[in-house]
Amino acid sequence: EAAVTQSPRNKVAVTGGKVTLSCNQTNNHNNMYWYRQDTGHGLRLIHYSYGAGSTEKGDIPDGYKASRPSQENFSLILELATPSQTSVYFCASGQYFGPGTRLTVL
Amino acid sequence: AQSVTQPDARVTVSEGASLQLRCKYSYSATPYLFWYVQYPRQGLQLLLKYYSGDPVVQGVNSFEAEFSKSNSSFHLQKASVHWSDSAVYFCALSISNNRIFFGDGTQLVVKP
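This report concerns the structure included in the present document.

### A short note on the overall build of chain B
Point 1. Summing up its helical and strand segments, chain B has zero helices and twelve strands in all.
Point 2. What you see for chain B is a C-alpha radius of gyration of 13 Å, in line with the 13 Å of a compact globule of 112 residues.
Point 3. For chain B, the spread of C-alpha atoms along the principal axes amounts to about 40 × 30 × 20 Å.
Point 4. Per-residue burial over chain B gives 46% buried out of 112 residues.
Point 5. Sequence separation of 24 or more characterises 56% of the internal contacts of chain B that already satisfy a separation of 6 or more.

What follows is the structure in structure tokens.
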């Protein structure tokens, strides 16, 4: 089965700071996704990618950037973190999900 | 546009009872369909998926789902639930195996 890993698993950041969430996949799938999950909102798509060098905006891209430097790696970048970005972030490769990153912005 | 509806936000059943979690989808053709389970403070785990063929799909842990084109449904079923099945279950669809659209999830509570 495909393996999707995320780092860090937990992160505390300060308002205005830069945060980078990393995702790595070993199943060689072209499509990768970043979601956030908040109580009352379910899973919401932030950015996705169809392959190395490509990034596409999802449903809630504001305040986030994405980077896909290789087939295996897909990063989510918060240039200026805000408390409203406190959430649990999930990366997915195809139909398989990573374990999540719990981000708290103080 | 495509969408997934899980009409029941919360379902409570007794241990050993049968279970059906409902899922309706909206899409003009047959999409790829999935069921995921999420245990507390964990990621989403794929339970089963339907692409084509036999409308009854077997998944992990004795779960199965039945696709109905006429009803635009993909209900999840289990003959006898265990307390450890308590979790949130998400139905999802994908078009041509691209981005996945999720329902809002159903919280399953299994009473001892």
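Here the narrative resumes.
### Looking at the environment of Gln-58 of chain B
All names here are of chain B.
Point 1. Relative to the elements of secondary structure, Gln-58 occurs in strand β7 (residues 56–58).
Point 2. When its relative accessible area of 55% is taken as the criterion, Gln-58 is described as exposed.
Point 3. Along the chain, Gln-58 and Arg-22 lie 36 residues apart, while their C-alpha atoms are 16 Å from each other.
Point 4. A distance of 3.0 Å separates the side chain of Gln-58 from the side chain of Glu-64, its partner in a polar contact.

### Overview of the side chain of Ser-93 of chain A
Residue and element names in this part refer to chain A.
Point 1. Looking at the secondary structure, you find Ser-93 in strand β9 (residues 87–93).
Point 2. Within polar-contact distance, the side chain of Ser-93 engages the side chain of Asn-27 at 2.7 Å.
Point 3. Residues contacting Ser-93, with those up to four places away along its chain left out, are Val-4, Gln-25, Asn-27, His-29, Asn-31 and Met-32.

### Describing the nonpolar core
One broad trend across soluble globular proteins is that nonpolar side chains are buried collectively.
Point 1. Of all hydrophobic cores here, the largest spans 28 residues; its most connected members are Leu-19, Trp-35, Leu-47, Leu-48, Phe-74, Leu-76 and Tyr-89 of chain B.
Point 2. Mapped onto this core, the elements with two or more residues apiece are β2 (10–14), β3 (19–21), β5 (32–38), β6 (44–50), β8 (64–68), β9 (73–78), β10 (87–94) and β12 (106–111) of chain B.
Point 3. Looking at this core, the element that brings in the most residues is β10 of chain B, giving four residues.
Point 4. Apart from the residues within four sequence positions on either side, Leu-48 of chain B is in contact with Leu-33, Phe-34, Trp-35, Val-57, Gln-58, Gly-59, Phe-63, Glu-64, Ala-65, Phe-74 and Leu-76 of chain B.
Point 5. Membership of the second largest hydrophobic core comes to 19 residues, among which are Ala-66, Ala-81, Cys-91 and Leu-103 of chain A.

Calculation rules
Residues numbered from 1 in each chain as written. Chains lettered and ligands numbered in written order. Predicted model: local features only at pLDDT ≥ 70, side-chain atom pairs only at ≥ 80, totals over all residues. Heavy atoms only, no water. Helix = DSSP H or I, 4+ residues; strand = E, 2+ residues; numbered from the N terminus. Rg over C-alpha atoms; globule rule 2.2 N^0.38 Å. Buried < 20%, exposed > 50% of the residue type's maximum accessible area, 1.4 Å probe, protein only. Contact = heavy atoms within 4.5 Å. Polar contact = N/O pair within 3.5 Å; in protein donor to acceptor, adjacent residues only side chain to side chain. Core = buried A, V, L, I, M, F, W, Y, C linked by side-chain atoms within 4.5 Å.

Function-wise, these values are silent; they only describe arrangement.
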